[in-house]
Amino acid sequence: MFGPFIKAASEADAKLAALDRSQAIIEFDVSGTILTANRNFLDAVGYTLPEIQGRHHSLFVEPSYKDSGDYAEFWASLARGQHQSAQYRRLGKGDREIWIEASYNPILDRAGRPYKVVKVATDITRQKREDADRAGQIAALWKAQAVIAFDLDGTVLDANDIFLAAVGYARSEIVGRHHSLFVDPAQQASPDYAAFWERLRRGEFQAGQFRRLGKGGREIWIEATYNPILDASGRPYKVVKFATDITAQVALLANLERLIEQNFGEIDGAILRSTDEAGRAARAAGGTAGNVQTMAAASEELAASVAEISESMSKARAVTDQANGQVRTAGAHTQHLSRAADAMGSIVGLIQTIAGQINLLALNATIEAARAGEAGRGFAVVASEVKQLANQASRATEQISSEITGLQAVSQEVVGALDAIQGSVGTMLQYVTSTAAAVEEQSAVTRDMSVSMQEAAGAVAAIAENVQAISRAVTDVSDAVTATKQAARILAR
């Protein structure tokens, strides 16, 4: 007889145990005083049971709500046995915000009067935060971007004010109409347009820059994403488009593209001219470098020749100095010889005087011998021999005098010739000295010129290299300009 009741009670106990394991449960009396709570509820609010038992439910609400008429009516309706369920913002320990999805269930006694309230709750704090975050992001998008929603066939469901301002329509003019309102007839009938909506119906995301038509056929450009929205089963059920009006930017880019074509055309011409000029300069620099190098080599050879001449002139100067010294020495010897000849003339004169006196003595001896007769005959012979010797000495002296006179004449001629030679040698020495100095100076100048020409050759070679580098740089600039032009054209799209 009591079997069904026992079975039903057991089943009810099992259900309550299952709820206790999976749900947060707290019990109140009808005035809101806490009677008990399970572990799930205590974990959610962060309290222990002794901290909340006997305290009022208002422990979990803000003071402003606690003192409100709505809160009083909330508990009054529960006391009358009226069920309450919703999502509630509550405060945990330390005033930590939590959100719960709960049902407040009045429990009736046998007379049908409520005597306590059992709340069964689920902690949805994380879900609520995520929902708030998504809602905030969506609200921000609706404030910042043009937004329009379609069903899967492309029929407009709604649009925000930014989108309406971009296309120039009122909401009532587009809701219920097809997306093809915003495209030109040629695109409406194209396979691409049909495939576009087919991909969206399959849940495929679409993004890009699109040409669209506003009210009155006005051309507008948008950068947009078409986002299929999925239901709980993962099936698309509508499409939301987020868009930005880029009409002004597209017009600006079109103008930019025209300017790019114009300016880069001028740049191409300038680079072409620069390349030609650089080529001509490089060829001229190359020719000049060859000429300067030839001149440098000739200058180097000239410097070597001048150096040899300078060395020869130095040797000639030394030889001339030596000849001048030797002429001077010969002149001195000739002067000495002339003086010796003069002295010999004096001696010859003396000898002639002595010879005359001897002749006179011989004559006197002859006279005296004649007077002496036979006794003086031997003396007369001696006197005759002396006279002959005196005559021979006189003739020899005359011959010596003649030779000395000739020697003096030759000596005078030699002295004159040596003086003339010495004057010529002196003049030649001056010429050689001045010429050697000039050659030395020319040698120094030629060496400097050779060094300068070598440096000039190096400089011209460097200039040629620089011109070639400039030419290469112009080529690089041309390549860079070409790349920039391509990038700018891509940007202008």
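Residues numbered from 1 in each chain as written. Predicted model: local features only at pLDDT ≥ 70, side-chain atom pairs only at ≥ 80, totals over all residues. Heavy atoms only, no water.

*Asks:* Which residues make up the overall build of the protein, and what values go with them?
*Replies:* Scanning the protein from N- to C-terminus turns up 12 helices and 10 strands. A total of 493 residues make up the protein; the buried ones form 29% of that total. Sequence-distant contacts, at least 24 apart, represent 52% of the contacts inside the protein between residues at least 6 apart. In the form shown here, the protein has an accessible surface area of approximately 29500 Å², with 58% of it arising from carbon and sulfur atoms. (Helix = DSSP H or I, 4+ residues; strand = E, 2+ residues; numbered from the N terminus. Buried < 20%, exposed > 50% of the residue type's maximum accessible area, 1.4 Å probe, protein only. Contact = heavy atoms within 4.5 Å. Areas by Shrake-Rupley, 256 points an atom, 1.4 Å probe, with all protein chains shown as cover.)

*Asks:* Quick rundown of unusual backbone geometry? Include the residues and the values.
*Replies:* One can expect most non-glycine residues to show negative phi and most peptide bonds to be in trans. A positive phi angle is found at Asp95, which is not glycine, with a value near 60°. Assignment of secondary structure puts Asp95 in the loop between strand E3 (84-91) and strand E4 (97-108).

*Asks:* Break down the environment of Trp142 for me, with residues and values.
*Replies:* Checked against the element boundaries, Trp142 lands in helix H6 (residues 125-144). In this structure Trp142 comes out as partly exposed when scored by relative accessible area, which is 32%. Along the backbone, Trp142 and Asp161 are 19 residues apart, and their C-alpha atoms lie at a distance of 8.7 Å. Setting aside anything within four residues of it in sequence, one finds Trp142 in contact with Val147, Asp158, Ala159, Asn160 and Ile162.

*Asks:* Could you give an account of the sheet that holds E4, with specific residues and numbers?
*Replies:* The 5 strands lie next to each other as E2-E1-E5-E4-E3, forming an open sheet whose pairing is antiparallel. Strand pairing shows two members of the sheet lacking a second neighbour, strand E2 (34-37) and E3, which therefore form its edges. For this sheet, the mean inter-axis angle between neighbouring strands, taken without regard to orientation, is 30°. As paired elements, E4 and strand E5 (residues 114-123) share 9 bridges and run antiparallel to each other. For Asn105, the partnering residue across the bridge sits in E5 and is Val118. H6 contacts E3, E4 and E5 of the sheet and is inclined by roughly 125° relative to E4. (Pairing = 2+ DSSP bridges. Axes fitted to C-alpha atoms, helices over the stretch in contact; angles between N-to-C directions.)

*Asks:* Explain helix H5 (residues 69-79) residue by residue, including any values.
*Replies:* What H5 keeps buried is the set Tyr71, Phe74, Trp75, Ser77 and Leu78. Buried residues of H5, viewed axially, fall in a sector of 155°; they line one side. At the exit of H5 stands Gly81, carrying a positive phi of roughly 90°. (Arc of directions from axis to C-beta.)

*Asks:* So what's going on with the sheet that holds strand E6 (residues 146-150)? Which residues, and what values?
*Replies:* With respect to topology, 5 strands assemble into an open sheet ordered E7-E6-E10-E9-E8, the strand pairing being antiparallel. Lying at the two open borders of the sheet, with one neighbouring strand each, are strand E7 (156-159) and strand E8 (206-213). For this sheet, the mean inter-axis angle between neighbouring strands, taken without regard to orientation, is 30°. Pairing analysis gives 3 bridges linking E6 to E7, with the strands arranged antiparallel. Paired with Phe150 across the two strands is Val156, which belongs to E7.

*Asks:* Summarise the UniProt feature "domain: PAS" (unreviewed entry) in the protein; cite the residues concerned and give the values.
*Replies:* Here, UniProt's "domain: PAS" (unreviewed entry) annotation points to residues 147-177. For the annotated span residues 147-177, helix accounts for 35% and strand for 26% of the residues, and the straight-line distance between the end C-alpha atoms is 16 Å. (UniProt positions renumbered as here; feature names shortened; annotations may be inferred.)

*Asks:* Account for the pairing of E4, naming residues and giving values.
*Replies:* Note that E3 and E4 share 8 bridges and pair antiparallel. Within E4, the position partnered with Arg90 by the bridge is Ile98. Counted between consecutive antiparallel strands, the loop separating E3 from E4 contains 5 residues, among which Gly94 sits at a positive phi close to 75°. Adjacent in sequence and paired antiparallel, E4 and E5 are bridged by 5 residues, among which Gly112 carries a positive phi angle near 85°.

*Asks:* I'd like to hear about empty space enclosed by the protein, residue by residue, with values.
*Replies:* Using the criterion set out here, one finds 1 cavity of 30 Å³ or more in the structure. When its volume is computed, the largest cavity comes out at roughly 60 Å³. As for the largest cavity, its lining consists of Ala24, Phe41, Ala44, Val45, Phe60, Arg90, Leu91, Ile98, Ile100, Lys119, Ala121 and Asp123. Taken together, the elements giving at least two residues each to the lining of the largest cavity come down to helix H2 (39-45), E3, E4 and E5. Its residues placed into classes, the lining of the largest cavity shows 9 nonpolar, no polar and 3 charged. (1 Å grid on protein atoms, 1.4 Å probe; cavity = no way out; pocket = protein on both sides within 12 Å on 5 of 7 lines; lining within 4 Å. Points joined across faces, edges and corners; volume = space filled by probe spheres on them. Nonpolar A, V, L, I, M, F, W, Y, C, P; charged D, E, K, R; others polar.)

*Asks:* A description of the nonpolar core should follow, citing residues and the corresponding values.
*Replies:* Core analysis: the largest hydrophobic core is formed by 25 residues, its most contacted members being Ile148, Phe163, Ile174, Phe182, Trp197 and Tyr226. Mapped onto this core, the elements with two or more residues apiece are E6, E7, helix H7 (161-167), helix H10 (191-201), strand E9 (219-230) and strand E10 (236-245). The contact partners of Phe163, leaving out residues within four places of it in the chain, are Ala146, Val147, Ile148, Ile174, Phe182 and Lys241. Residues Ala24, Ile34, Phe60 and Val117 belong to the second largest nonpolar core, which totals 24 residues. (Core = buried A, V, L, I, M, F, W, Y, C linked by side-chain atoms within 4.5 Å.)

*Asks:* Residue-level account of the environment of Thr155, with values.
*Replies:* Structurally, Thr155 is set in the loop between E6 and E7. Classification of Thr155 by relative accessible area gives partly exposed; the value is 23%. Along the sequence, Thr155 and Gly176 sit 21 residues apart, while their C-alpha atoms lie 5.7 Å from each other.

*Asks:* Can you lay out the pattern of salt bridges for me, pointing to particular residues and giving the numbers?
*Replies:* Evaluation of the coordinates by the stated rule reveals 18 salt bridges. In this structure, the salt-bridge partner of Asp43 is Arg39, at a minimum N-O distance of 3.5 Å. In this pair, Asp43 and Arg39 are both assigned in helix H2, 4 residues apart and thus about one turn of the helix distant. Salt bridges here are not isolated pairs; linked through shared partners, they connect Glu198, Arg201, Arg202 and Glu204. (Salt bridge = Lys/Arg side-chain N within 4 Å of Asp/Glu carboxyl O.)

*Asks:* Please give an account of the packing of aromatic side chains that cites residues and values.
*Replies:* Aromatic ring pairs are defined here through the distance separating the ring centres and the angle between the ring planes. By the definition in use, this model includes 18 aromatic pairs. Taking 5.5 Å as the distance between ring centres and 85° as the angle between the ring planes, the aromatic pair formed by Tyr88 and Tyr104 counts as edge-to-face. With Tyr88 in strand E3 and Tyr104 in strand E4, this pair connects stretches of sequence that are 16 residues apart. Both residues of the pair, Tyr88 and Tyr104, count as buried. Ring geometry for Phe163 against Phe182: centres 5.6 Å apart, planes inclined by 80°, an arrangement best described as edge-to-face. (Phe/Tyr/Trp six-rings, centres within 6.5 Å; stacked < 30°, edge-to-face > 60°.)

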